[in-house]
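Architecture and fold: a report
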Amino acid sequence: MNAMDIPYVVGRWFPDVAPERLAVRRGQFHLVVVGPDRVVCLPRTPAAAARLPRRADVLRLLAGLGGLGVPVPRPLESGGEEYLVLSRVPGEPLETLADARAADALAGLLAALARAGADEGVRAALPVTPQDRWRRFSADVRAELFLLMSGDGRLRAERELAAAVALPHVTTAVVHGDLGPENILWEVVDGRPRLSGVIDWDEAALGDPAEDLAALAAGFGDDVLGRVLAHADDMEGRVAAIRGTFALQQALSGVRDGDEEELADGLAAYGYRR
């Protein structure tokens, strides 16, 4: 199933829903049709399709934990590698967080993910971030992206990769893996944002909580990071090293998926040469 099947998706799962109540969102890996009470995910690439069954398994596990403090999507129907139907989590993303209590809510979420990482059932079910992850990432960037960079871009990438390769291997927490603003949902109550759900758990694994902190910093800025770090152990150096790889991660996904827009955006600061 692919983007051309949207009329079929609408007819099958939303036959009585007015078109204006549906939204179609194009993400890096999925095309998503959002209705009033459910969401249909269609993979955009073969790699995303191959990950779809695992995504369903991870969401079943997380939905059963009950200790995260926020709702996560529940699988309603799985079509193997073709589609996945999920419950809709309430709320909408926010681009900025000016309310200090919102940052406190994010700190609470990370604390819950850390507690979940100590659960033996969770540890048995989730994949573990490989010990050689950053070394392999560094080798892949050199092999697949360096020829697309300027000389100065390669020097910048070398510094960022060296910092990542030097990171310790930490697997203490459940890590979302893409905890940017677009995947964190809020409802405004009495004029203040309330954390209402977290979506898109495709990359969830046991790993370093600094990875999720780095995503929060990249999405919401250093002020929110500082507020959240006040609740955490000393992770500032690890956060900075991981944050420094995000553009290269985007570019690597872009070149592998044949997504020129993602590739060019990821390498914009590296002197991208088509």
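Because the structure is predicted, anything quoted here is derived from the model rather than measured. (Residues numbered from 1 in each chain as written. Predicted model: local features only at pLDDT ≥ 70, side-chain atom pairs only at ≥ 80, totals over all residues. Heavy atoms only, no water.)

1. Considering the environment of Glu20
We count it as follows: Helix numbers and strand numbers start at the N terminus; a helix is a DSSP run of H or I with at least 4 residues, a strand a run of E with at least 2. The buried label applies to any residue whose accessible area, calculated with a 1.4 Å probe on protein chains only, is under 20% of its type's maximum; exposed applies above 50%, and partly exposed to all values in between.
Checked against the element boundaries, Glu20 lands in the loop between helix H1 (6-13) and strand E1 (23-26). A residue is classified by how much of its surface remains accessible, and Glu20, at 66% relative accessible area, is exposed. Placed 54 residues apart in sequence, Glu20 and Arg74 show a C-alpha to C-alpha distance of 24 Å.

2. A look at the pairing of strand E2 (residues 30-34)
Operational definition: Between any two strands, at least two bridges found by DSSP are needed for them to pair.
For E2, the tally of buried residues reaches five of five residues, placing the bulk of the element in the interior. Residues of E2 alternate between two faces, with His30, Val32 and Val34 on one and Leu31 and Val33 on the opposite face, all of them buried. Strand direction decides the pairing type here: E1 and E2, joined by four bridges, are antiparallel. By the bridge assignment for E2, Ala23 is matched with Val34. Hairpin connection between E1 and E2: a loop of three residues separates the two successive antiparallel strands. Taken together, the five bridges between E2 and strand E3 (residues 38-43) define a ladder with antiparallel strand orientation. Across the sheet, residue Val32 finds its bridge partner in E3, namely Cys41. Following E2, the chain reverses through three residues before pairing antiparallel with E3.

3. Here's the deal with the nonpolar core
Our working rule: Buried Ala, Val, Leu, Ile, Met, Phe, Trp, Tyr and Cys residues form a nonpolar core when they are joined through side-chain atoms within 4.5 Å. Contacts are assigned to residue pairs that have any heavy atoms within 4.5 Å of one another.
Counting residues in each nonpolar core, the largest one holds 69 residues, and the members touching the most others are Leu106, Leu145, Met149, Trp201, Leu248 and Leu267. The greatest single-element share of this core, amounting to nine residues, is contributed by helix H3 (residues 100-117). Every residue in contact with Trp201, bar those within four places of it in the chain, is listed here: Val58, Leu59, Leu62, Leu68, Val72, Pro73, Leu113 and His176. Grouped together as the second largest cluster of nonpolar side chains are 12 residues, Val9, Val17, Leu31 and Tyr83 included.

4. Here's the deal with the pattern of salt bridges
Filter applied, for reference: The salt bridge criterion pairs a side-chain nitrogen of Lys or Arg with a carboxyl oxygen of Asp or Glu, the two atoms within 4 Å.
With the rule as written, the count across this model stands at 20 salt bridges. With a closest N to O distance of 2.5 Å, Arg55 and Asp202 form a salt bridge. Taken as a pair, Arg55 in helix H2 (residues 46-65) and Asp202 in the loop between strand E8 (192-198) and strand E9 (205-207) lie far apart in primary sequence, 147 residues in all. If you follow the salt bridges from partner to partner, you end up with Arg25, Arg88 and Glu92 in one network.

5. Some details on the packing of aromatic side chains
What counts, and what does not: Working definition: a ring pair exists when centres of Phe, Tyr or Trp rings (six-membered ring for Trp) sit within 6.5 Å. Plane angles under 30 degrees give stacked, over 60 give edge-to-face, the rest tilted.
Following the criterion strictly, the structure yields three aromatic pairs and no others. Look at Trp13 and Tyr83: their rings are 4.9 Å apart centre to centre, the planes differ by 55°, and that puts the pair in the tilted class. Placement of Trp13 in helix H1 and of Tyr83 in the loop between strand E4 (75-78) and strand E5 (84-87) is noted, with a sequence separation of 70 residues between them. One exposure class covers both Trp13 and Tyr83, and it is buried. Where Trp134 meets Phe137, the ring centres are 5.7 Å apart and the plane angle is 90°; that geometry is what we call edge-to-face. Highlighted residues: Trp134 and Phe137, both in helix H5 (residues 133-144), separated by three residues, approximately one helical turn. Its relative accessible area of 12% is what places Trp134 among the buried residues. These aromatic residues form a ring-pair network of at least three members: Tyr8, Trp13 and Tyr83.

6. Overview of helix H9 (residues 236-243)
Inclusion rule: Directions pointing from the helix axis toward each C-beta atom define the arc.
For H9, the set of buried residues is Arg238, Val239, Ala241 and Ile242. Buried positions in H9, seen along its axis, are confined to an arc of 165° and lie on one side of it. Pointing more than 90 degrees away from the buried face of H9 are the exposed residues Glu236 and Gly237. Taken together, the buried residues of H9 touch H5, helix H6 (151-165), helix H7 (209-220), helix H8 (222-229) and helix H10 (246-257).

7. Things to note about the environment of Leu148
Tracing the sequence through the fold places Leu148 in the loop between H5 and H6. Expressed as a C-alpha distance, the spacing of Leu148 and Asp222, which sit 74 residues apart in the sequence, is 30 Å. Residues contacting Leu148, with those up to four places away along its chain left out, are Leu263, Leu267, Gly271, Tyr272 and Arg273.

8. Comments concerning the side chain of Arg238
Mapped onto the elements, Arg238 comes out in helix H9. Ignoring sequence-local partners within four residues, the contact set of Arg238 consists of Leu167, Pro168, Val170, Asp208, Pro209 and Ala210.

9. Remarks on the pairing of E4
One ladder, built from three bridges, connects E4 with E5; its direction is antiparallel. Directly across from Glu77, in E5, lies its bridge partner Val85. As consecutive antiparallel partners, E4 and E5 are separated by five residues, and within that stretch Gly80 has a phi angle of approximately 65°, a positive value.

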